[in-house]
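Read off the chains here:
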Amino acid sequence: MDINLSEFLKEFCPDIPDSVRAGRIYKLTYSEDLKNFSFFAEYGSIVPYSDISAFNAAVTKAMELESASLNPRYPKELFELSCMPDLIERLKRQVSVVNGFLNDADIAVNGSDINISLKHGGNDILAKCGFKRELSQLIYNQFGLSMNVNLEGENAVSAVEYDEIIEKEIGALGNEPEQFGKLRSMDCIDDKTREEVNDFKA
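Residues numbered from 1 in each chain as written. Predicted model: local features only at pLDDT ≥ 70, side-chain atom pairs only at ≥ 80, totals over all residues. Heavy atoms only, no water.

Enquirer: Any chance you could explain the sheet that holds strand 3 (residues 36-42) here in plain terms?
Expert: In spatial order, the strands read 1-2-3-4; together these 4 strands make up an open sheet with mixed pairing. Looking at which strands have only one partner, the edges of the open sheet turn out to be strand 1 (3-4) and strand 4 (67-73). Contacting strand 3 and strand 4, helix 3 (residues 49-62) runs over the sheet at an angle of about 145° to strand 4. (Pairing = 2+ DSSP bridges. Helix = DSSP H or I, 4+ residues; strand = E, 2+ residues; numbered from the N terminus. Contact = heavy atoms within 4.5 Å. Axes fitted to C-alpha atoms, helices over the stretch in contact; angles between N-to-C directions.)

Here it is in structure tokens:
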């Protein structure tokens, strides 16, 4: 399959961001009831995540779907440090525990290593919830690069501070995505780690 995204959707959803229109669809998947669509498209330049999010919302509404998802793929040469904020923003929708803990973090790209220095704790929580694996997979999916993600910084975060971080991020998103339900109770970590987190001083 190799068709222009805007041409494919012109009868259904003409109002999509300009940056998205030039994508070439190389794969399309959908659910049996045709209510969930995933578009996989190639681009020659980086599409801001805000435009991807706007595309998802526009297509979902116009086609009366439950969900629509655009998954871009880029030439590996386009990957650089400036791509990280958008990658992390996308991860916030996939791995909710990302929210808050990466605020103010120092990020450096050295060859095939991505080094992230946390400023607000949460190292162990991010590790247990698969953040490193998910970020590496996202970069591979979008750029075809195998990157090692390294986390540095304190583990310590109190349950109160944890909840404050989540409340702040929910406010920033404007609503509460379904995945925040489990995030509030730290369901992604085991009982031992949860006890350790609750014992930390704020």
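Enquirer: I'm lost on unusual backbone geometry in this one. Help?
Expert: If a residue is not glycine, its phi is most likely negative; likewise, a peptide bond is most likely trans. Although it is not a glycine, Glu-64 sits at a positive phi angle of roughly 55°. Considering the arrangement of structural elements, one finds Glu-64 in the loop between helix 3 and strand 4. Positive phi values are uncommon outside glycine, yet Asp-104 reaches one of about 70°. Within the fold, Asp-104 resides in the loop between helix 4 (84-94) and strand 5 (106-110).

Enquirer: Sorry, what's going on with the nonpolar core here?
Expert: As a rule of thumb, nonpolar side chains are buried together in soluble globular proteins. Phe-39, Ile-116 and Phe-131 are the most contacted members of the largest nonpolar core, which has 46 residues in total. Looking at this core element by element, the count peaks at 5 residues for helix 6 (residues 131-143). Apart from the residues within four sequence positions on either side, Ile-116 is in contact with Leu-102, Ala-105, Asp-106, Ile-107, Phe-131, Leu-135, Val-149, Asn-150, Leu-151 and Glu-152. (Core = buried A, V, L, I, M, F, W, Y, C linked by side-chain atoms within 4.5 Å. Buried < 20%, exposed > 50% of the residue type's maximum accessible area, 1.4 Å probe, protein only.)

Enquirer: I'm lost on the pattern of salt bridges in this one. Help?
Expert: Opposite charge on two side chains makes pairing possible when the charged atoms of those side chains draw close. A full pass over the atoms with the stated rule returns 6 salt bridges. Between Glu-7 and Lys-10 there is a salt bridge, with its nearest N and O atoms 3.2 Å apart. Here Glu-134 and Arg-133 are joined by a salt bridge, their closest N and O atoms 3.9 Å apart. By relative accessible area, Glu-134 is classed as partly exposed at 25%. Exposure remark for Arg-133: the relative accessible area of 56% places this residue in the exposed category. (Salt bridge = Lys/Arg side-chain N within 4 Å of Asp/Glu carboxyl O.)

Enquirer: I keep staring at the sheet that holds strand 6 (residues 113-117) and nothing clicks. Help me out?
Expert: Remark on secondary structure: sheet strands pair via backbone hydrogen bonds, oriented parallel or antiparallel. Taking strand neighbours across the sheet as the criterion, the 3 strands line up as 5-6-7 in an open arrangement whose pairing is mixed. What marks the edges here is a single partner per strand, and that holds for strand 5 and strand 7 (148-152). Taking the axes of each pair of neighbouring strands and ignoring which way they run, one obtains an average angle of 15° across the sheet. Here strand 6 pairs with strand 7 via 5 bridges, running parallel. Residue Ser-117 lies in a different strand from strand 7, and its bridge partner there is Glu-152. Sheet strands in contact with helix 6 are strand 6 and strand 7, and its direction is about 145° off that of strand 7.

Enquirer: Would you mind showing me how to read the layout of surface pockets here?
Expert: Gaps left between atoms are located by rolling a probe of water-molecule size over the structure's atoms. Considered as a void within the structure, the largest pocket measures approximately 570 Å³ in volume. A per-element tally of the lining of the largest pocket places strand 4 first, with 6 residues. When its residues are assigned to classes, the lining of the largest pocket shows 8 nonpolar, 11 polar and 5 charged. (1 Å grid on protein atoms, 1.4 Å probe; cavity = no way out; pocket = protein on both sides within 12 Å on 5 of 7 lines; lining within 4 Å. Points joined across faces, edges and corners; volume = space filled by probe spheres on them. Nonpolar A, V, L, I, M, F, W, Y, C, P; charged D, E, K, R; others polar.)

Enquirer: What is the right way to look at the pairing of strand 2 (residues 24-30) in this model?
Expert: Remember that side chains alternate between the two faces of the sheet whenever the strand is regular. Examined bridge by bridge, strand 1 and strand 2 share 2 bridges and lie antiparallel to one another. Bridge pairing links Asn-4 to Arg-24 in strand 2. In this sheet, strand 3 lies alongside strand 2 in antiparallel orientation, the contact comprising 6 bridges. Across the sheet, Thr-29 pairs through a bridge with Ser-38, a residue of strand 3. Adjacent in sequence and paired antiparallel, strand 2 and strand 3 are bridged by 5 residues, among which Leu-34 carries a positive phi angle near 60°.

Enquirer: What exactly am I supposed to notice about the environment of Val-98 here?
Expert: One can find Val-98 in the loop between helix 4 and strand 5. Accessibility expressed as a relative area gives 0% for Val-98, which makes it buried. Between the C-alpha atom of Val-98 and that of Gly-130, which follows or precedes it by 32 residues, the distance is 10.0 Å. Setting aside residues up to four positions removed in sequence, Val-98 forms contacts with Ile-88, Leu-91, Lys-92, Leu-126 and Phe-131.

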